[in-house]
Every structure is written in C-alpha cells, then in structure tokens.
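Structural description and commentary
Residue-level listing of the chains:
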Amino acid sequence: MAAKDITPGTPAHVAIIMDGNGRWATSRGWPRLVGHRRGAERVRAIVKAAPGLGIRYLTIYAFSTENWKRSTEEVIGLMSIFARYIENEAERLSTAGVRLRFIGGREKLDPKLQRLMAGIEERTAGNDVLHLTVAINYGGRDEIARAARRVAEDVAAGTLAPEAVDEEAFAARLDTAGLPDPDLVIRTSGETRISNYLLWQSAYAEYEFTPTLWPDFTPGELADILDRFARRERRYGGVITA
Ligand code: IPE
Ligand code: IPE
Ligand code: MG
C-alpha cells in the first residue's frame with residue numbers, strides 16, 4: 001500500500017453510534033423521549049460542525065433492527081422524531097450542500113416516513129459538501145443477509161456469474177454501496193460494543209469510545225477525538241516502511 005494511504009490525517013468518513021439518550025434523561029428523572037429529543041438537537045450541531053472539521057462522510061446510527069424490542073411509546077416517539085427531523089431540516093440541509101441518505105430496511109417503517117425519506121434523498125441527491133447517512137432499522141447482519149439475497153437473485157437471473165462474486169460485487173449490493181468505508185467509528189455513553197453497526201464496512205476502522213452521553217456530545221469533543229485519530233498509525237495488515 002502506498003505510503004500516503006497510511007499517513008494519518010483527517011478521517012474522511014466518521015460513523016457514530018449515538019448512545020446514552022435514555023440514561024441522560026432518566027438520570028434527571030425525565031422520560032426517555034426527552035433524551036431522544038435532546039439527542040436530535042445534538043445531531044444538528046454535529047452535522048453543522050462536520051464539514052469545518054474536514055469530515056466528508058458522516059454516518060449515524062439512529063435505530064437498530066434490535067430497537068423494536070423497546071416499548072411502543074418509545075418506538076413511536078423515535079419514529080416521529082425522525083419524521084420531524086427530516087421536515088424541519090430539509091431546507092437547511094439542502095442549502096448547506098448536505099446529501100442525506102438512509103441505510104437499513106425500509107419496508108417495516110411507516111409509509112409516511114418512507115415517503116419523507118425518499119423525498120429528501122431525491123431533493124439532496126446533487127449535494128456534495130457533506131454526505132450524511134442515517135441508519136434507521138439498520139443492522140449489519142440484516143444488511144449482509146439482504147445483500148446475499150440480491151447476489152442470489154442476480155445469479156439466478158443470469159446477470160451475475162458465481163465466479164464474479166467477490167468483495168467488490170458484494171459491497172455493491174450493500175445499503176452503503178457507493179460510500180467509502182468508515183475510517184473512524186465513535187460510540188458515546190461508555191459502552192464498548194458495536195451493536196450490529198456497519199459490520200462489513202468497519203473491517204479496518206479505528207474505534208473511539210467516550211463515556212459522554214450522546215445529548216452531551218459536542219463539536220469540541222469531536223474535534224479532540226479527530227486530533228487523537230490523526231496520531232494513530234493505520235497499517236491495514238502491512239508494515240510501515242517510511
Ligand atoms: C441511543 O440512546 C438512541 C437509540 C438507541 C435510539 P439509548 O436510547 O440507547 O440510550 P441508553 O443507552 O438507554 O442510555
Ligand atoms: C445502538 O444502541 C443502536 C443505536 C445507537 C441506534 P443500543 O442502545 O440499542 O445498543 P445496546 O442495546 O446497548 O447494545
Ligand atoms: Mg443504548
């Protein structure tokens with residue numbers, strides 16, 4: 001691998017597991033949904049700051065395939081926060097040059113939310129300042145299983161030869177097709193697990209875990225994390241020669 005590829009610097013693609021909204025609220029004696037609303041405000045602040053910090057791709061985990069296990073009230077509340085975020089932010093994101101996309105299985109989501117998602121994806125499709133990807137009803141295993149199904153369908157249809165199924169052909173059938181792999185994955189709230197996030201894509205990502213709960217996470221802390229990232233040495237299985 002060329003030396004320039006392993007020179008540390010700004011991570012082009014940062015992925016975040018936004019965790020700790022519930023604890024932030026319950027520690028104050030408030031309903032969990034208050035924490036989720038405060039979390040959505042944090043998303044606004046981080047999205048605004050990202051381009052200035054050199055980030056081109058930002059991928060955030062909003063709702064996992066496992067989060068359906070939560071109470072109906074919490075699930076419905078989260079879905080309405082997503083819808084409101086899209087409605088309220090559409091104008092601002094479009095003019096700021098943000099391209100918004102979603103990953104995860106959509107058919108389980110409310111049709112009205114699905115329409116809002118498709119609408120903003122279309123509206124911001126020509127933007128290139130920041131590629132913001134929001135993972136909703138997303139699970140790494142589910143995404144990989146769906147990609148495998150597409151491979152099987154293409155092989156069955158005769159449009160893909162079995163011997164042409166390689167890493168590239170497979171990645172092209174993931175929800176993240178066209179996006180670069182994340183360089184850095186950040187998880188807030190002190191949990192040190194990946195909870196089914198970007199399993200395929202994070203093969204060589206660097207990880208940062210911070211005890212800060214998501215509603216308290218600031219652009220300043222993100223900048224500190226990026227500084228630490230810049231000092232890391234990425235090897236991709238090779239050796240440093242220079
Ligand atoms: C993250 O915060 C947001 C979602 C998973 C939707 P949590 O709701 O998981 O907050 P904690 O982990 O219970 O504190
Ligand atoms: C991961 O957080 C999913 C999101 C942040 C959307 P969880 O709170 O659902 O993860 P676990 O249950 O602690 O692993
Ligand atoms: Mg959590």
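Worth saying up front: this structure is predicted, and the values here are computed from it rather than measured. (Residues numbered from 1 in each chain as written. Chains lettered and ligands numbered in written order. Predicted model: local features only at pLDDT ≥ 70, side-chain atom pairs only at ≥ 80, totals over all residues. Heavy atoms only, no water.)

1. Let's talk about the confidence of the model for the chain
One rule of thumb: low pLDDT means the predicted coordinates there are not for detailed reading. Taken as a whole, the chain shows an average pLDDT of 95; of its residues, 96% reach a score of 70 or greater. For residues 1-7, every residue scores under 50 in pLDDT, and the model assigns this stretch 6 contacts once sequence neighbours within four places are set aside. (pLDDT = per-residue confidence, 0-100. Contact = heavy atoms within 4.5 Å.)

2. Re the pattern of salt bridges
If you walk through the whole model with that rule in mind, you get 23 salt bridges. The salt bridge involving Glu-74 is made with Arg-70; its shortest N-O contact spans 2.9 Å. Classification of Glu-74 as buried rests on a relative accessible area of 7%. Relative accessible area serves as the criterion here: at 31%, Arg-70 is assigned to the partly exposed category. For the salt bridge of Arg-92 with Glu-89, the shortest nitrogen-to-oxygen distance reads 3.1 Å. Taken together, the residues span about one helical turn, with Arg-92 and Glu-89 both in helix α4 (residues 72-95) at a distance of 3 residues. (Salt bridge = Lys/Arg side-chain N within 4 Å of Asp/Glu carboxyl O. Buried < 20%, exposed > 50% of the residue type's maximum accessible area, 1.4 Å probe, protein only. Helix = DSSP H or I, 4+ residues; strand = E, 2+ residues; numbered from the N terminus.)

3. Side note on the site of ligand 2
The local shell around ligand 2 consists of Ile-17, Met-18, Asp-19, Tyr-61, Ala-62, Phe-63, Asn-67, Arg-70, Arg-187, Arg-193 and Ser-195. Between ligand 2 and Arg-70, the relevant distance is 3.3 Å, taken from an oxygen atom to a side-chain nitrogen or oxygen of the residue. A distance of 2.6 Å separates an oxygen atom of ligand 2 from a polar atom in the side chain of Ser-195. Considering only residue class, the shell around ligand 2 consists of 5 nonpolar, 2 polar and 4 charged. (Near = heavy atom within 4 Å. Polar contact = N/O pair within 3.5 Å; in protein donor to acceptor, adjacent residues only side chain to side chain. Nonpolar A, V, L, I, M, F, W, Y, C, P; charged D, E, K, R; others polar.)

4. Let's talk about the sheet that holds strand β5 (residues 184-187)
Here 6 strands make up an open sheet; going across it, the order is β3-β4-β2-β1-β5-β6 and the pairing parallel. Strand pairing shows two members of the sheet lacking a second neighbour, β3 (98-103) and β6 (206-209), which therefore form its edges. For this sheet, the mean inter-axis angle between neighbouring strands, taken without regard to orientation, is 20 degrees. Sheet analysis places β5 next to β6, joined by 4 bridges and oriented parallel. Pairing of Ile-186 across the sheet is with Glu-208, part of β6. Each of β1 (13-17), β5 and β6 touches helix α8 (residues 219-230); the most contacted strand, β5, lies at about 140 degrees to it. (Pairing = 2+ DSSP bridges. Axes fitted to C-alpha atoms, helices over the stretch in contact; angles between N-to-C directions.)

5. Some remarks on the nonpolar core
If you look at the biggest cluster of nonpolar residues, it comprises 41 residues, and the most contacted ones within it are Ile-16, Leu-58 and Leu-132. Apart from the residues within four sequence positions on either side, Leu-58 is in contact with His-13, Val-14, Ile-16, Ile-46, Val-47, Ala-50, Leu-130, His-131, Leu-132 and Thr-133. Ala-15, Ile-17, Ile-103 and Val-185 belong to the second largest nonpolar core, which has 10 residues in total. (Core = buried A, V, L, I, M, F, W, Y, C linked by side-chain atoms within 4.5 Å.)

6. Quick look at the pairing of β5
Taken residue by residue, a regular strand's side chains alternate between the two faces of the sheet. Side chains of β5 alternate between two faces, with Leu-184 and Ile-186 and Val-185 and Arg-187 buried alike. Pairing analysis gives 4 bridges linking β1 to β5, with the strands arranged parallel. Bridge pairing in β5 links Val-14 to Leu-184.

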